[in-house]
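Topology and contacts: notes
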Amino acid sequence: LVHLPAHTRAALGARALDAAVDLLGALLVAAYAPRATDEHTAALRRAAQRINLLRYLLRALHARRHLSDAQHEHVATSLDAIGRMTAAWRRPSP
């Protein structure tokens, strides 16, 4: 985020950082809320939304050449893993 141009940092960079912090908050709420409650389900839904928003914002940063191919691949792989874990967490337990 520090290496982004000022106009990009204010727009895309700040949005990506906010989405990442919101994602962390939603995952923490889900972790501590009793399973199968409305609070737990809503937190996981919010986490999934934040993951998708981050994917979009990071694709935009990559398209504008503010992220290298290697950086984008690393963050996309990490977000994909977090998304799969969140989706598995949303499934009802047997």
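Further up the page is the structure itself.
Residues numbered from 1 in each chain as written. Predicted model: local features only at pLDDT ≥ 70, side-chain atom pairs only at ≥ 80, totals over all residues. Heavy atoms only, no water.

**Considering the overall build of the protein chain**
Quick reminder of the rule: We count a stretch as a helix when DSSP gives it H or I for four or more residues in a row; a strand needs E for two or more, and each element gets its number in order from the N terminus. Contact definition: two residues touch when any of their heavy atoms are within 4.5 Å. Computed with the Shrake-Rupley method and a 1.4 Å probe, the accessible areas treat only the protein chains shown as cover for residues.
Check the secondary structure of the protein chain and you find 3 helices and 0 strands. Taking all contacts inside the protein chain whose residues are at least 6 apart in sequence as the whole, residues at least 24 apart take part in 63%. Carbon and sulfur atoms form 60% of the exposed surface of the protein chain, whose accessible area is close to 6,400 Å².

**Concerning a nonpolar patch on the surface**
Where we set the bar: Candidates for patches are residues over 30% relative accessible area with no salt bridge; among them, like charges are joined within 9 Å and nonpolar side chains (Val, Leu, Ile, Met, Phe, Trp, Tyr) within 5 Å. Any Lys or Arg side-chain nitrogen found within 4 Å of a carboxyl oxygen on Asp or Glu counts as a salt bridge. The rule is simple: take the accessible area with a 1.4 Å probe, protein chains only, and divide by the maximum for that residue type; under 20% is buried, over 50% is exposed, in between is partly exposed.
A surface patch of nonpolar side chains, amounting to about 380 Å² of accessible area, comprises L24, L28 and Y32. When you line up the elements, Y32 lands in helix α1 (residues 6-32). Y32 sits in the exposed class, given a relative accessible area of 72%.

**Observations regarding unusual backbone geometry**
Backbone geometry follows two general trends: most residues other than glycine have a negative phi, and most peptide bonds adopt the trans configuration. Notably, A36 is not glycine yet its phi reads approximately 70°, a positive angle. With respect to the helices and strands, the residue A36 is situated in the loop between α1 and α2 (38-63). Located in the positive-phi region is R65, a residue other than glycine, with phi close to 65°. Among the secondary structure elements, R65 is positioned in the loop between α2 and α3 (69-90).

**Let's talk about α3**
This is how the line gets drawn: The span you would expect from a helix comes to 1.5 Å times its residue count less one. Along the arc lie the directions from the helix axis toward the C-beta atoms.
The end-to-end C-alpha separation of α3 is 31 Å, in line with the 32 Å expected for 22 residues at 1.5 Å each. Within α3 the residues assigned to the buried category are H72, L79, G83 and T86. End-on, the buried residues of α3 take up no more than an arc of 65°, which puts them together on one face. Residues of α3 that are exposed and point over 90 degrees away from its buried face: A70, E73, H74, T77, R84 and M85.

**Concerning the pattern of salt bridges**
All told, the structure shown has 5 salt bridges when counted by the stated rule. For R55, the salt bridge goes to D80, with nearest N and O atoms at 3.9 Å. On the criterion of sequence distance, the pair formed by R55 in helix α2 and D80 in helix α3 is long-range, its members being 25 residues apart. In this structure, the salt-bridge partner of D69 is R65, at a minimum N-O distance of 3.7 Å. The exposed category is assigned to D69, whose relative accessible area is 51%. Looking at R65, the relative accessible area reads 63%, which means it is exposed. Overlapping salt bridges bring together D22, R46 and R50 as one network.

**Focus on the environment of H40**
Its place among the elements puts H40 in helix α2. A sequence separation of 10 residues divides H40 from A30, and the C-alpha atoms of the two residues are 4.7 Å apart.

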